[in-house]
Amino acid sequence: MKNYTTDKIRNVVLLGSSRSGKTTLAEAMLFEGKVIDRRGTVEAKTTVSDNTEVEQLFQRSIYSTPLFAEFMDHKLNVIDTAGADDFVEGVILGLNVCDSGIMTVNAGQGVEVGTEIHARYVEQYKKPMLIAVNQLETEKANWDNTLDSLHQAFGSKAVPVQFPVSVGLEFNSFVDVLKMKMYKFSGEDGACQILDIPADLAGKAEDMKAALMEMAAESDEALMEKYFDQGELSEEEVRNGLKVGFVNGDFYPVFCCSAKKDMGVKRIMEFVTEVAPAPKESVNDKTSLFVYKTALEQHLGDVTYFKVVSGKITEGQDFVNMNNGGKERITTLYAVAGKKKEKVTELVAGDLGCTVKLKAVKTNQTLNQPGNEKVVPPIEFPPSKYRTAIKASDEKDDEKLGEALNRAGAEDPTLRIEYSKELRQTIINGMGEQHINILKWHLNNDYKIEIDLFAPKIPYRETITKVATAEYTHKKQSGGAGQYGRVVLLIEPIVEGVEPTGRFKIDGKDTQLTIKGKEEAALDWGGKFEFFNCVVGGAIDAGFMPAIKKGIMQKMEEGPLTGSYARDIRVYIYDGKMHPVDSKEIAFIIAARNAFKDAFKQAGPKLLEPIYLVEVMVPGDCMGDVMSDIQNRRGIIEGMGSEKGFQILKARVPLAELYKYSTTLSSITSGRATFTMEFLDYQQVPMDVQEKLLKAYEEEEKDE
Ligand SMILES: Nc1nc2c(ncn2[C@@H]2O[C@H](COP(=O)(O)OP(=O)(O)OP(=O)(O)O)[C@@H](O)[C@H]2O)c(=O)[nH]1
Ligand SMILES: [Mg+2]
């Protein structure tokens, strides 16, 4: 491959709902780009993208796959992504490192929720996008309905720059109003005649061209002036005007294609080459690389995918990893198209490439030429929306499982592995059940580990609602070293804005406790804890206060109700007793722990559960089912709205009710909905639920 300068590079991410034809389009682009001389198919498991065993097994893309094509003296870097919401990682990293997107839309379906989800990200990242209406030669294809759904979703931004002469099994030609020509295809491999527009279609083409000319004029003052003066613009001026509008994301040109029959693909690549933006990165700075993906690949080992974010890189160059200070030498450079790695000698700013066998490099890290201090901000991936606990079916595999999970988490930033000390479980946070099933597949097949997946515990919180006192004497004075400690304490809930007074009715008498020592802490797990030493008359040496606090903290970490973290409690130690010999730390730890536990149970204890704000995007016809399902999950509807032809439902839902929610939602709506979930706050658990949880915990305690 020859070396390309930045202005001759185009970085494009493929977007679109699952099965809308992204991988098939990529295959046709590689064919047109002379990277392959025969096109494979997804069904035959012979495409360049979708080259992993698991993708071929499930006949869909799961990972992002970097590809390239050489076309019209340009290098097109293309990142194929997965349309399924569970595998959103590729879309996010693709939109981070690419400069424009191609959105495929299945002409038999029109805009789907997958289209919507990807379009939201396109707007979030403010990237220009063109729309390829694909599968036009299929029986169900409907151009007009698809255009309607595009206008519903994107309003006047969706602007057709082509229209098919016929749709369905007959589809073999379209009129392109940018070129004012008709493209007629024969055979399967993109063979095409470029003809004059037939008279019966010329009127429609002229109207569309006029609309495009107006849009081009609107994008630039000088063009606007000329357009008003002379009433028309040249093809070149129209293209330049549209380029401005396209690059600004003011409009999404709509193209016709059949990726499977390689019809219209070349024209889309021409548009990308002529109109889509080149990378903005500068070759004149010191070299800096941003690692956007890492993967373990057969025969190659660790592969590191990067974007040259400034300067240029040649073989044998030394780098500093700005995130861990490590030194790396890049011995080999590749341009990459799936499993195909083509050696190159140089890559310039804006280009995408990969290398192998680096020592300690992860996704989101920056590698710099020594002396360059730049650090590229990490890609932010969407919050998880599926959580499951995991353990090896056989304990002997525990360590192996730990290593495999760490590797999986390092390769897939949307997979977050949590070793929860609080819940004493390993928890996987992912994007959905399919996402976790793929991980399971790898653990079973690549690592030969059998695993169990089950509902994770809920990080409840415990607190109190009123004042209570308790005392406890720990006495062990039979044989050996004795232990003795007596603690008398009072607890009260910490209420925002209410200052402690130390004034209470104790044993029926108004009592003013003297606060001699005060410790306050913000708890790691949220909420506050305050500890007051109010012991007078030397009943307990101050030296034992840390032990008393320690005993109480042990119960704060493992609350009396369900063993969950306790929060927002103020403790007054106001009396107790020591033994001159047998009083030791351990005695006061035990005494305090039990006194606190007893007081807690009398202080109107309540259990708090994590509440998530769930936002569901769903087609109108499924709204009723989705709402009642949410209400069956103790969800409280917070609001409803609509966006681009979809209904939006917002609700507060307990985490305890959200296990496998993505799976249920997908089955209620036949995969036509999506949702996000974000932690909101803690809320009291309903009494009946609390009772059940307390009972379950008591049982668990008995078993231990
Ligand atoms: N008839 C026809 N079938 C197509 C066309 N494009 C794709 N297909 C078929 O549609 C199915 C899905 O195509 P893919 O290319 O895997 O779609 P995708 O967008 O990559 O799907 P995900 O990887 O799941 O996101 C496959 O069976 C393809 O052969 C087309 O233009 N015409
Ligand atoms: Mg695919």
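Residues numbered from 1 in each chain as written. Chains lettered and ligands numbered in written order. Predicted model: local features only at pLDDT ≥ 70, side-chain atom pairs only at ≥ 80, totals over all residues. Heavy atoms only, no water.

### Some remarks on the coordination of the magnesium ion (ligand 2)
Phase 1 of the analysis: Taken together, the protein ligands of the magnesium ion (ligand 2) are Thr23 (OG1) and Ser61 (OG), with distances of 1.9 to 2.0 Å. A residue pair is termed long-range when its members are at least 10 positions apart, and Thr23 in helix 1 (residues 22-32) and Ser61 in the loop between helix 2 (53-58) and strand 2 (65-71) qualify at 38 residues. (Donors = N, O, S within 2.8 Å, 3.2 Å for Na, K, Ca; no water. Helix = DSSP H or I, 4+ residues; strand = E, 2+ residues; numbered from the N terminus.)

### Remarks on the packing of helix 6 (residues 199-218) against helix 8 (residues 235-247)
Phase 1 of the analysis: Between helix 6 and helix 8, the shortest axis-to-axis distance is 7 Å and the interhelical angle comes to 60°. In terms of orientation, helix 6 lies oblique with respect to helix 8. Here helix 6 runs over helix 8; the crossing is left-handed. On helix 8, the residues that touch Leu212, Met213, Met215 and Ala216 of helix 6 are Val238, Gly241 and Leu242.
Phase 2 of the analysis: For the contact of helix 6 with helix 8, the class distribution of residues is six nonpolar, one polar and no charged. (Axes fitted to C-alpha atoms, helices over the stretch in contact; angles between N-to-C directions. Parallel < 35°, antiparallel > 145°, perpendicular 65-115°, else oblique. Left-handed = near helix turned anticlockwise from the far one by under 90°. Contact = heavy atoms within 4.5 Å. Nonpolar A, V, L, I, M, F, W, Y, C, P; charged D, E, K, R; others polar.)

### Things to note about the packing of aromatic side chains
Phase 1 of the analysis: Inspection of the entire model under this criterion finds 17 aromatic pairs.
Phase 2 of the analysis: Residues Phe504 and Tyr572 carry aromatic rings whose centres are separated by 5.0 Å and whose planes lie at 75° to one another, so their mutual orientation is edge-to-face. Of this pair, Phe504 sits in strand 29 (residues 503-506) while Tyr572 is found in strand 34 (residues 569-577), placing the two residues 68 residues apart along the sequence.
Phase 3 of the analysis: Using a relative accessible area of 0% as the deciding quantity, one classes Tyr572 as buried.
Phase 4 of the analysis: One aromatic cluster is present, formed by Phe174, Tyr183 and Phe185 through successive ring pairs.
Phase 5 of the analysis: Geometry around Phe31 places Arg39 over its ring, the cationic atom sitting 5.9 Å from the centre.
Phase 6 of the analysis: Seen from the ring of Tyr305, Lys293 lies directly overhead, with NZ or CZ sitting 5.9 Å from the centre. (Phe/Tyr/Trp six-rings, centres within 6.5 Å; stacked < 30°, edge-to-face > 60°. Buried < 20%, exposed > 50% of the residue type's maximum accessible area, 1.4 Å probe, protein only. Lys NZ or Arg CZ within 6 Å of the ring centre and 35° of its normal.)

### Regarding the site of ligand 1
Phase 1 of the analysis: Residues in close proximity to ligand 1 total 21 residues, the closest being Ser18, Thr24, Glu43, Gly83 and Glu137.
Phase 2 of the analysis: Interatomic distance of 2.9 Å between a backbone N/O atom of Gly21 and an oxygen atom of ligand 1.
Phase 3 of the analysis: A distance of 3.4 Å is found between an oxygen atom of ligand 1 and a backbone nitrogen or oxygen belonging to Gln135.
Phase 4 of the analysis: Relative to its free-state accessible area of 640 Å², ligand 1 is covered by the protein chains to the extent of 92%.
Phase 5 of the analysis: Partitioned by chemical class, the residues of the shell around ligand 1 number three nonpolar, 12 polar and six charged. (Near = heavy atom within 4 Å. Polar contact = N/O pair within 3.5 Å; in protein donor to acceptor, adjacent residues only side chain to side chain. Areas by Shrake-Rupley, 256 points an atom, 1.4 Å probe, with all protein chains shown as cover.)

### Let's talk about a negative patch on the surface
Phase 1 of the analysis: Together, Glu558, Glu698, Glu700, Glu701 and Asp703 give the surface a local cluster of negative charge.
Phase 2 of the analysis: When you line up the elements, Glu700 lands in helix 16 (residues 687-703).
Phase 3 of the analysis: Under the relative-accessibility criterion, Glu700 is labelled partly exposed at 36%. (Patch = residues over 30% accessible without salt bridge, like charges linked within 9 Å, V, L, I, M, F, W, Y side chains within 5 Å. Salt bridge = Lys/Arg side-chain N within 4 Å of Asp/Glu carboxyl O. Lys, Arg positive; Asp, Glu negative; His and termini not counted. Charge placed at Lys NZ, Arg CZ, Asp CG, Glu CD.)

### As for the sheet that holds strand 7 (residues 162-164)
Phase 1 of the analysis: An order of 7-8-9-10 is seen for the four strands of this open sheet, with the pairing classed as antiparallel. The sheet terminates laterally at strand 7 and strand 10 (192-195), the two strands that pair on one side only. Here the average twist between neighbouring strands, direction ignored, is 20°.
Phase 2 of the analysis: By the bridge criterion, four bridges tie strand 9 (residues 181-185) to strand 10 in an arrangement that is antiparallel. Following the sheet pairing, Phe185 is matched in strand 10 by Cys192.
Phase 3 of the analysis: In this fold helix 6 packs onto strand 7 and strand 8 (173-176), with an angle of close to 150° to the strand it touches most, strand 7. (Pairing = 2+ DSSP bridges.)

### Here's the deal with the pairing of strand 28 (residues 483-493)
Phase 1 of the analysis: Burial analysis of strand 28 places 10 of its 11 residues in the buried class, the great majority of the element.
Phase 2 of the analysis: Relative to strand 28, strand 27 (residues 468-476) is paired through nine bridges, and the arrangement is antiparallel. Considered in strand 28, the bridge of Lys476 is made with Gln483.
Phase 3 of the analysis: The antiparallel pairing of strand 27 with strand 28 creates a hairpin that spans six residues between the two strands, and Gly479 there sits at a positive phi of about 75°.
Phase 4 of the analysis: Sheet analysis places strand 28 next to strand 34, joined by eight bridges and oriented antiparallel. By the bridge assignment, Leu490 is partnered in strand 34 with Tyr572.

### Things to note about the packing of helix 6 against helix 7 (residues 221-230)
Phase 1 of the analysis: Interaxial distance between helix 6 and helix 7 falls to 6 Å at its minimum, and their mutual angle equals 135°. Regarding the angle of helix 6 to helix 7, the classification is oblique. For the pair helix 6 and helix 7, contact is made by Ala210, Met213, Glu214, Ala216, Ala217 and Glu218 and by Leu223, Met224 and Tyr227, respectively.
Phase 2 of the analysis: Looking at the contact of helix 6 with helix 7 residue by residue, the classes come out as seven nonpolar, no polar and two charged.

### Section: the sheet that holds strand 1 (residues 9-16)
Phase 1 of the analysis: With mixed pairing, seven strands are arranged side by side in an open sheet as 2-3-1-4-5-11-6. Only two strands of the sheet have a single neighbouring strand rather than two, namely strand 2 and strand 6 (158-160). Put simply, the sheet's adjacent strands are angled 30° from each other on average, direction ignored.
Phase 2 of the analysis: As paired elements, strand 4 (residues 100-106) and strand 5 (residues 129-134) share six bridges and run parallel to each other. By the bridge assignment, Asn106 is partnered in strand 5 with Asn134.

### Notes on the environment of Thr663
Phase 1 of the analysis: Among the secondary structure elements, Thr663 is positioned in helix 15 (residues 661-668).
Phase 2 of the analysis: Along the chain, Thr663 and Gln434 lie 229 residues apart, while their C-alpha atoms are 8.5 Å from each other.
Phase 3 of the analysis: Aside from chain neighbours lying at most four places away, what touches Thr663 is Tyr386 and Glu433.

### Description of the pattern of salt bridges
Phase 1 of the analysis: Applying the stated criterion across every chain yields a total of 42 salt bridges.
Phase 2 of the analysis: The partner of Glu270 in a salt bridge is Arg267, with the nearest N and O atoms 3.1 Å apart. Here Arg267 and Glu270 lie together in helix 9 (residues 265-274), a separation of three residues that amounts to about one turn. A single burial state applies to Glu270 and to Arg267, both of which are buried.
Phase 3 of the analysis: Across the salt bridge formed by Lys549 and Glu519, the nearest N and O atoms sit 2.9 Å from each other.

### Overview of the nonpolar core
Phase 1 of the analysis: By size, the foremost hydrophobic cluster in this structure holds 126 residues, and its most contacted members are Met29, Ile102, Ile131, Leu150, Phe154, Tyr292 and Ile313.
Phase 2 of the analysis: Counting residues per element, this core draws most heavily on helix 6, at seven residues.
Phase 3 of the analysis: With near-sequence residues (within four places) excluded, Phe154 lies in contact with Ala119, Met129, Ile131 and Tyr252.
Phase 4 of the analysis: Among the nonpolar cores identified, the runner-up in size contains 59 residues, and Phe529, Ile540, Ala651 and Val689 belong to it. (Core = buried A, V, L, I, M, F, W, Y, C linked by side-chain atoms within 4.5 Å.)

### Considering unusual backbone geometry
Negative phi characterises most residues that are not glycine, and trans characterises most peptide bonds.
Phase 1 of the analysis: Here the phi dihedral of Met72 falls at roughly 50°; this positive angle occurs in a residue that is not glycine.
Phase 2 of the analysis: Mapped onto the elements, Met72 comes out in the loop between strand 2 and strand 3 (74-80).
Phase 3 of the analysis: With a phi angle near 50°, Asp507 is a residue other than glycine that sits in the positive phi range.
Phase 4 of the analysis: Overall, Asp507 belongs to the exposed group, its relative accessible area being 74%.

Treat this as a map of the structure, not an account of what it does.
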